[in-house]
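# Observations on the three-dimensional arrangement
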Amino acid sequence: MKSLLASGHRGCAGCCDAMAAKFTLMGAGEDCIVVNPTGCLEVMTTPFPETAWEVPWIHSLFENAAAVGSGIEAALKALGRKGNTKVVVMGGDGATLDIGMRSISGVFERGHDITYVCIDNEAYMNTGVQRSGATPFNASTTTSPAGKVSFGNPRPKKNMPAIMVAHGSPYVATTSLGYPKDMINKVKKATEIEGPAYIHCHAPCTTGWGFDTSKTVEVAKMAVQTGLWPLYEVEEGKVTSVRKLGKAKKPVEEYLKMQRRFKHLFTMEGGAEEIAKIQAIADKNIEEFGL
Amino acid sequence: MPREMNLDKSKMVVVEGSYAVAHAVKACRPNVISAYPITPQTHIVEDLSQFMADGEIPNCEYINVESEFSALSALVGASAAGARCYSATTSQGLELMHEVLFNVSGMRLPVVMTIVNRAVSAPISIWNDHQDTISQRDTGWIQLYAENIQEVSDMTAQAYRISEDRDILMPSMTCMDGFILSHVYEPVVLLEQDLTDGFLPAYEPEHVLDPKNPLTFGAFADPNYYTEFRYLQEQAMQRALKKIEDVANEFYDIYGRYYGGLIDEYRTDDAEIIIMAMGSVVGTIKDVIDKLRDRNVKAGLLKIRSFRPFPAEAIKNVIRDAKVVVVLDKNITLGLNEGALFTETKSTLYNTDVRVPIIGYMLGHGGRDIRIETIERVIDEATEVMKTGIRIESQFTDLREELL
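Everything quoted here is computed from the prediction, not taken from an experiment.

Quick notes on the rules
- Residues numbered from 1 in each chain as written.
- Chains lettered and ligands numbered in written order.
- Predicted model: local features only at pLDDT ≥ 70, side-chain atom pairs only at ≥ 80, totals over all residues.
- Heavy atoms only, no water.
- Helix = DSSP H or I, 4+ residues; strand = E, 2+ residues; numbered from the N terminus.
- Contact = heavy atoms within 4.5 Å.
- Areas by Shrake-Rupley, 256 points an atom, 1.4 Å probe, with all protein chains shown as cover.
- Lys, Arg positive; Asp, Glu negative; His and termini not counted.
- Charge placed at Lys NZ, Arg CZ, Asp CG, Glu CD.
- Domains from an automatic or database assignment.
- Buried area = accessible area lost by both parts, 1.4 Å probe.
- Salt bridge = Lys/Arg side-chain N within 4 Å of Asp/Glu carboxyl O.
- Nonpolar A, V, L, I, M, F, W, Y, C, P; charged D, E, K, R; others polar.
- Core = buried A, V, L, I, M, F, W, Y, C linked by side-chain atoms within 4.5 Å.
- Buried < 20%, exposed > 50% of the residue type's maximum accessible area, 1.4 Å probe, protein only.
- Axes fitted to C-alpha atoms, helices over the stretch in contact; angles between N-to-C directions.
- Parallel < 35°, antiparallel > 145°, perpendicular 65-115°, else oblique.
- Left-handed = near helix turned anticlockwise from the far one by under 90°.
- Polar contact = N/O pair within 3.5 Å; in protein donor to acceptor, adjacent residues only side chain to side chain.
- Expected span 1.5 Å × (residues − 1).
- Phe/Tyr/Trp six-rings, centres within 6.5 Å; stacked < 30°, edge-to-face > 60°.
- Lys NZ or Arg CZ within 6 Å of the ring centre and 35° of its normal.

### As for the overall build of chain A
Check the secondary structure of chain A and you find twelve helices and ten strands. Principal-axis analysis of the C-alpha atoms gives chain A an extent of 65 × 45 × 35 Å. Restricting the contact set of chain A to residue pairs at least 6 apart, pairs at least 24 apart contribute 70%. Total accessible area computed for chain A in this model is approximately 11100 Å², and 54% of it derives from carbon and sulfur atoms. Here chain A contributes 32 positively and 30 negatively charged side chains, and the mean placements of these two sets differ by 2 Å.

Have a look at this one:
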C-alpha cells in the first residue's frame, strides 16, 4: 500500500504521530482532505517550503481543527464537489480533549460528515510533556511532576470516547498503534459512515513517556493487554465489538515499568498502593467491556 | 471626487439596515455562511437563515456554529476549499475571533464579514462605538466603515471584489454602526442581483484543497521565511489602496452609486476647519456643516471609509490647506488618551511638509448619542484653536462630570 505520508519528515525515531498518520491515511485513502491542529504532527511534517503530505492538507490553529474540517465539508457540498471525498481531522489529545473541546463538540452536534482521529499520547508533547486532560493517573509530566509529596498527575484520563458517544455520533471507536490493522480497518469504516465519526488512538510517545525508540508498538500493545486501554467500537450508541484479552491479560506493572513517567511508583514509598489504584482502573475496564 | 448619486427612486424600498445587508450578501452568491448570534448582529443572520429556509441562496451551506471562534474557523476551511465565505459579528464575538483573524489574513483567504460595531465589555454594553473593530486593526483585515444603510449594503459587493482580487487576497470587514444602522429602517435600493452578477464574478481561487491536486495550507515558517510572509501581506495592503478606489469607481459606473473610495469629502474645497470621522456620525456632521456654512463658518468633512489600509496620502492631500483639523473617534487607546484615527492621522503628517494643528475628541462611547450641539461645540473650539493654537490636544467630550 502506497504511503501518503512521505518519509523525511522531522518526527523522532519511533514517533507515534507519524505511525498514526500513516495508518489513518491507509484507511482513508487518497480521496481525502486532512486537517491538523497545531502540534507535533503539524510541525514535523510541514516546515515551509517542504511538506510530507501527499493528500491536500490544512493547518489553521490549535483549538479549531474540527471547525475547519466542518467548513471544508460544507464547502465541498455547496460547490458540488463532495462526491466520495473524505474530510479527516487528526488532532492530538490536547487539541481534542482540552483546547479543541468546544469546536469538536459543535461539529459532532451539527452532524458534519467528517472523521476525527484523536492521536492520544497523553500529554502536550510538542511543548515539552506538559499534562493534558488525557494524562493518566499518576503519570509524571513536566507540569504534574512526581515529587516528595506527589505521585504525579492526580486525576484519571477524561473519557473522551464516551463524550463522543453522548453526542450521538454514529461511530465511535478506540484503537491503538499496537494494532495497525485494527486502526486501518476502523478508519476505513469511520470514513465510509455518513456523519461525524470519532476514533481515539492510543499512541505511546517515546520522548514523552520515556521508552526506547524501538518499543512504541510493544508499549502500545501492553496498554491494551493490561486492560488500561480497551479496544472497542460503538455504533449508534451500542457497543458492537470488543477486543478480548483472554489469557493474554497482564498486570499493570508490566505496562508501567516500561516507562520513565511511572518510574517513581516503583521507587517512592507508598508506590505499591498507587499501582494498586491503577490496577483498579484496568480491572474496571475489564469488567465494563468484558475484556 | 464628489459625484452625483443616481438613486433610482422607483427601485427604493424601506427596509431595516440588517435586511439590506443580508440581501446584499445573498446577491453576492456566497457558498458558505457561518455565524453565531450576538446583539446587534442577529437580524442579519436571521434574515440570511430565512433566505436559506426559503431556498433563495443557491449552492450555499449555512453553518450554525457554537461560537464566533468556530464561525470564522469554519470559514478558514471553507475558503481554502474554494468557497466564497461570509460571516457577521460584533464586539465580544469579534474579540473572540481575534486569533482566527490573524490566521485568515495570514493564509490570504478573502473572507468578508459585516461587523455591526458595538462597545466592548466591561462594563458590558450592547450599544455602538468602534472599539471592537479598532482593536483588530493590526490583524491584516481590510476595514471599511459605512455612513448609512445604502453604503454598507453596497459595500458588501465591493468588499468581495477587493478581497478576492488576486493582487490583494486579504479579508475584509465592512463596518456598520450597531443599532444606528443595523436596526433603522431607511429607503434603499437593494443590491441588484443582475448588476451584481456582472460586477462580482464567481470566486475562482488559484489554490484550493482538492485531492486531485494535493496542496499544503498553513505550513509553519521558521525565521528564514516568516518575515517575507508579513512583508507580502503589507504589500497587498498597499495595493488595496488603489484597488478600493478602482472598485468604488467601477461600482459607480455600473450601479450609479458612490460613497467615496478610501475617503470622501464634503464641502472641503475652501474649508478652514476639517472634521474627520468614520461611520454614521458622518451624516450628523454634514448637517452641522450645512448649518454653519450658512453662518459663513468655513467647515468641511473628511469621511474615512478605509481605516485599513490607512489612506495616508489621501488624508494629507485633503487637509494640507486647512487651518485646523478635528478628529472624532468612537474609541480610545487606553494609556495614550487618544482615539486611533487621531493618532494615525498625526503620525502620517510627521515627516511631511504639512503642518496643520490637529485636535482629537473621543466621543460616542457605549452608544452615547452624538448630538448636533456636540459637533457645533467641537467646531467652536476648533475656531478658537485657529486663533490661540492648541490648548488641549486630545480629550473626552460629553463627559457627565456629575458621575465622576
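### As for the domain arrangement of chain B
All names here are of chain B. Split into domains, chain B comes out as domain 1 (9-255) and domain 2 (263-403). A separation of 28 Å is found between the C-alpha centroids of domain 1 and domain 2. With both sides pooled, the region where domain 1 packs onto domain 2 buries about 2100 Å², and carbon together with sulfur makes up 50% of that total. Summed over the shared surface of domain 1 and domain 2, the result is six salt bridges. Among the salt bridges present, the one from Glu147 reaches Lys286, with a minimum N-O distance of 2.9 Å. For the side of domain 1 that touches domain 2, the elements supplying multiple residues, two or more each, are α6 (131-134), β6 (142-145), α7 (149-164) and α9 (226-255). The leading source of residues in the side of domain 1 that touches domain 2 is α9, at five residues. In terms of residue class, the side of domain 1 that touches domain 2 is made up of 16 nonpolar, six polar and six charged.

### Some details on the nonpolar core
Across soluble globular proteins, you tend to see nonpolar side chains buried next to one another. In this structure, Trp53, Ile58, Ile72, Met90 and Leu177 of chain A together with Leu48 and Leu72 of chain B are the most contacted members of the largest nonpolar core, which totals 194 residues. Counting 23 residues, the second-largest nonpolar core is a separate cluster that includes Ile285, Val326, Ile370 and Ile379 of chain B.

### As for the interface of chain A and chain B
Taken together, the 39 residues of chain A in the interface contact 39 residues of chain B. Overall, the association of chain A and chain B removes approximately 3000 Å² of surface from exposure, summing both partners, and the carbon and sulfur fraction of that is 65%. Connecting chain A to chain B are one salt bridge. A salt bridge links Glu66 of chain B to Arg110 of chain A; its shortest N-O distance comes to 2.9 Å.

### What to know about the packing of helix α3 (residues 68-80) of chain B against helix α5 (residues 98-106) of chain B
Residue and element names in this part refer to chain B. It is the contact of α3 with α5, at a shortest axis distance of 9 Å, that shows an interaxial angle of 15°. Judged by the inter-axis angle, α3 sits roughly parallel to α5. Helix-helix and strand crossings are classified by hand; for α3 and α5 the assignment is left-handed. Contacts from Phe69, Leu72, Ser73 and Val76 in α3 reach Glu99, Val100, Leu101, Asn103 and Val104 in α5.

### Focus on the packing of helix α1 (residues 17-27) of chain B against helix α2 (residues 42-53) of chain B
Residue and element names in this part refer to chain B. Close contact between α1 and α2 brings their axes to 8 Å; oriented N to C, the two are set at 45°. One finds that α1 runs oblique with respect to α2. In the crossing of α1 with α2, the sense of the turn from one axis to the other is right-handed. Counted together, Ser18, Tyr19, Val21, Ala22, His23, Val25 and Lys26 of α1 and His43, Ile44, Asp47, Leu48 and Phe51 of α2 form the full contact between these two elements. For the contact of α1 with α2, the per-class residue count stands at seven nonpolar, three polar and two charged.

### Quick word on the pattern of salt bridges
Residues and elements named next belong to chain B. Here the structure, examined in full by the defined rule, presents 43 salt bridges over all chains. Here Glu344 ties to Arg308 by a salt bridge, and the two come within 2.8 Å at their closest N and O atoms. Note that Glu344 is positioned in helix α12 (residues 340-349) and Arg308 in strand β13 (residues 306-308), a separation of 36 residues in sequence. For Lys346, the salt bridge identified is with Glu338, shortest N-O distance 2.8 Å.

### Some words on the side chain of Gln158 of chain B
Residues and elements named next belong to chain B. Residue position: Gln158 is located in helix α7. Gln158 sits in the buried class, given a relative accessible area of 2%. Reaching out from Gln158, the side chain makes a polar contact with the side chain of Arg305 at a distance of 3.1 Å. The contacts of Gln158, once residues within four sequence positions are left out, are Phe199, Val247, Ala248, Phe251 and Arg305.

### Brief notes about the side chain of Asp93 of chain A
Residues and elements named next belong to chain A. Residue position: Asp93 is located in helix α4 (residues 93-98). For the buried Asp93, no salt bridge is present, and the opposite-charge side chain at shortest range is Lys157, 6.6 Å distant. A distance of 3.3 Å separates a polar side-chain atom of Asp93 from the backbone nitrogen of Glu122. In contact with Asp93, not counting residues within four places along its chain, are Asp98, Cys118, Ile119, Asp120, Asn121, Glu122, Ala123, Ser132 and Ala134.

### A short note on helix α3 (residues 65-78) of chain A
Residue and element names in this part refer to chain A. Given a rise of 1.5 Å per residue, 14 residues ought to cover 20 Å, and the 20 Å separating the end C-alpha atoms of α3 matches this to within 8%. Counting buried residues in α3 gives 13 out of 14 residues, a clear majority hidden from the surface. With its phi angle positive at about 70°, Gly80 sits one or two positions after the end of α3.

### Some remarks on the packing of aromatic side chains
In the structure shown here, the tally under the stated rule is 16 aromatic pairs over all chains. Measuring from centroid to centroid gives 5.0 Å for Phe48 of chain A and Phe229 of chain B, while their planes differ by 75°, and the two rings are edge-to-face. A residue pair is termed interchain when its members come from two chains, as with Phe48 of chain A in the loop between α2 (40-45) and β2 (57-59) and Phe229 of chain B in helix α9. Each residue in the set Phe48 of chain A together with Tyr225 and Phe229 of chain B is aromatic and connected to the rest through ring pairs, giving one cluster. Against the face of Phe51 of chain B rests Lys26 of chain B, its NZ or CZ located 4.2 Å from the ring centre.

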